[in-house]
Structure formats: C-alpha cells, structure tokens
Amino acid sequence: MRFEPIGILRSPYTDKFGIPRQPGLVTAAEGRIELFPPYARREAFKGLEGFSHVWVIFLFHQDCVTAGWRPTVRPPRLGGRESVGVFASRAPYRPNPIGISAVEHLGLIDGKRGLSLRIRGMDMLDGTPVLDIKPYVPYADALPQAASGFATPPEMTGVDVEFSAAAMQRLRALDPAGERGLVELIKQVLAQDPRPGYMDRYPQRTDFGLSLYELNIRWRLKDGRIEVTRVETD
Ligand code: SAM
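Looking at an unreviewed UniProt entry, one finds the chain named tRNA (N6-threonylcarbamoyladenosine(37)-N6)-methyltransferase TrmO and attributed to Thiorhodococcus minor. In the Sequence similarities (unreviewed entry) part of its UniProt record, the chain is described as follows: "Belongs to the tRNA methyltransferase O family."

Structural data, given as structure tokens:
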C-alpha cells in the first residue's frame, strides 16, 4: 500500500529547534494545510464546521524517513537521560515516521495556493506532508482520567520573556500593525524554554537562536529569564 499526501502544512516553524513538543502549547502559532488536487474541494470537508478541532496525521519528513529507528529512545521530557521504548513514546524516529496532532481548525479559505484549512496551535514543521485529516470527537478522544506515564504536562507558568529595545524596534518595523502577532508568538515559543533537556549539563551556554518564519530570533538566558536580544532576517 502506498500513501500519497493530501496536502502540505504551513507553519511558523521553519526549523525543528523551538517547535513545541505537543500541539496546543503555543496557541499563537497559526498556519494552514494547503490541499492538493483532487482533495482541494469543499465537499470533502462538508460537516467539518461543526467540529472545533481536527486530528492531523502527518509524515515526520525531515531526517526521520532516512534515519531509521531504534527500539528505545531518549525523550526530551526526561532530559535525554533515560530511555523508553519507541512505542511508549511520541518520538518522531519510528518504524513508520507518522505523527498525530489534535489542533484547532478555523475553517477553509481560498487563497493563491488554492483551498486550505486554517489551523492553530500546531507542533509541526513548515512543509510537513499531511496524510489525513479527521474530526476530533471529544466523547471518544478526550480521556481526562487516562494515566500519562512520564509525559507529564509542561509547567504552564512558563519562563518570563523580555525583549531588548533593538529587538522590539525590529519587530515593530516588520509587523507595524501587529497583524502577524510576532511578539506574542515569540513570547509563547520561548516561554516553554525550548532548550533541549540535556542543556543543564552546559550551564555556560546562555546564547541561543531559533527560526520562526523568515526570522532568526537571538535570545539569551539571564537570571532565569529569557531576553530576546536581536531579531534578524535572512
Ligand atoms: N503530536 C505529534 C505526535 O505525537 O505524533 C508530534 C509530537 S513530536 C514529539 C513533536 C516534535 O516533532 C517537534 O517538536 C519537532 O521537533 C518534530 N517535528 C515536527 N514536525 C516534523 C517533521 N515534519 N519532520 C521531522 N520532525 C518534526
């Protein structure tokens, strides 16, 4: 059996570093699934307006298809120190590198790239091939009593994020009307402290960078807070 993508996902995440570990953690991240023909037809989504969220089933296309898999992985949630079985993890490196994410959908739009489904809060890389979309059905899919092993929810209090005057000035110039919501997006992405768990072994490293859209965001850790020092464009 051969699966063909039904579309391609567009997200602010142009690099793996900084992508949240699961969907719904960065609600300021908006994007879309650009549908390919013959799936780019409104009738294929008839009835979806009654659902607020969808399951997106996708391919971990970057590195994971060629890298192969191992029976155990070291999840970032455990600081990269402990190993668990691949089937006890949500690691992208798996025998069939397929991901599932429940995300909010904001309906269909017609754009210059044809029909797209707008989505919010994704944890996928820009350019991710989408294999399927299904409605999220709370009575069957939401299991609040379920045990979640080592995958405890992240601290929602987050880390304080500040901006240098230079970074804020650059962001205002790039997004004068605030329509792109760049400040809020950067705040939410950095508030999760996207450094890999093992970084506590390198306390001397305080300066980092991450990509969002066409931007390179330079930031540093200062007294337990994060400061965005510079915002650069390619
Ligand atoms: N929610 C999905 C799941 O449980 O199957 C994905 C969880 S996985 C832990 C999320 C991570 O996958 C992201 O932080 C990013 O590093 C990586 N990722 C996202 N999109 C990817 C892609 N297209 N190719 C490779 N890695 C990707």
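**Notes on the nonpolar core**
Within the largest apolar cluster, 35 residues are counted, with the highest numbers of intra-cluster contacts made by I33, I186, L212 and I217. Per element, the largest residue contribution to this core is five residues, and it comes from helix 4 (residues 182–191). Split by domain, this core shows at least three residues from each of two domains, domain 1 (7–141) and domain 2 (161–233). Non-local contacts of I33, meaning those with residues more than four positions away in its chain, are made with G7, L9, S116, L117, I119, V130 and I133.

**Some remarks on the domain arrangement of the chain**
Taken domain by domain, the chain comprises domain 1 (7–141) and domain 2 (161–233). The distance between the C-alpha centroids of domain 1 and domain 2 comes to 24 Å. Residues belonging to the side of domain 1 that touches domain 2 are distributed by class as follows: 10 nonpolar, five polar and one charged.

**Comments concerning the environment of E104**
Relative to the assigned elements, E104 resides in strand 6 (residues 98–111). For the pair E104 and P23, spaced 81 residues apart in sequence, the C-alpha separation works out to 9.3 Å. Contacts of E104, omitting those with residues within four sequence positions, involve S52, H53, I119, R120 and G121.

**Looking at the site of the ligand**
For the ligand, the set of nearby residues contains 18 residues, the closest of which are I19, Q62, R90, G99 and T128. Considering each element in turn, the shell around the ligand owes the most residues, three residues, to strand 6. Its residues placed into classes, the shell around the ligand shows eight nonpolar, six polar and four charged.

**Some details on the sheet that holds strand 1 (residues 7–10)**
In space, the six strands of this closed barrel follow the order 1-2-7-6-3-8, with antiparallel pairing throughout. With direction set aside, neighbouring strand axes in the sheet form an average angle of 45°. Two strands pair when backbone bridges link them, and strand 2 (residues 30–35) and strand 7 (residues 114–120) are joined in this way by five bridges, in the antiparallel orientation. Bridging from a neighbouring strand, R32 pairs with R118 of strand 7.

**Quick word on the environment of P23**
Looking at the element boundaries, P23 is found in the loop between strand 1 and strand 2. Take P23: there are 23 C-beta atoms within 10 Å of it, and that puts it in the buried class. Along the chain, P23 and T229 lie 206 residues apart, while their C-alpha atoms are 27 Å from each other. Here P23 is in contact with S101, A102, V103, G121, M122 and D123, once residues within four sequence places are set aside.

The rules we used
Residues numbered from 1 in each chain as written. Predicted model: local features only at pLDDT ≥ 70, side-chain atom pairs only at ≥ 80, totals over all residues. UniProt positions renumbered as here; feature names shortened; annotations may be inferred. Core = buried A, V, L, I, M, F, W, Y, C linked by C-beta atoms within 7 Å. Buried ≥ 20, exposed ≤ 12 C-beta atoms within 10 Å, placed from the backbone. Helix = DSSP H or I, 4+ residues; strand = E, 2+ residues; numbered from the N terminus. Domains from an automatic or database assignment. Contact = placed C-beta atoms within 7 Å. Nonpolar A, V, L, I, M, F, W, Y, C, P; charged D, E, K, R; others polar. Near = placed C-beta within 6 Å. Pairing = 2+ DSSP bridges. Axes fitted to C-alpha atoms, helices over the stretch in contact; angles between N-to-C directions.

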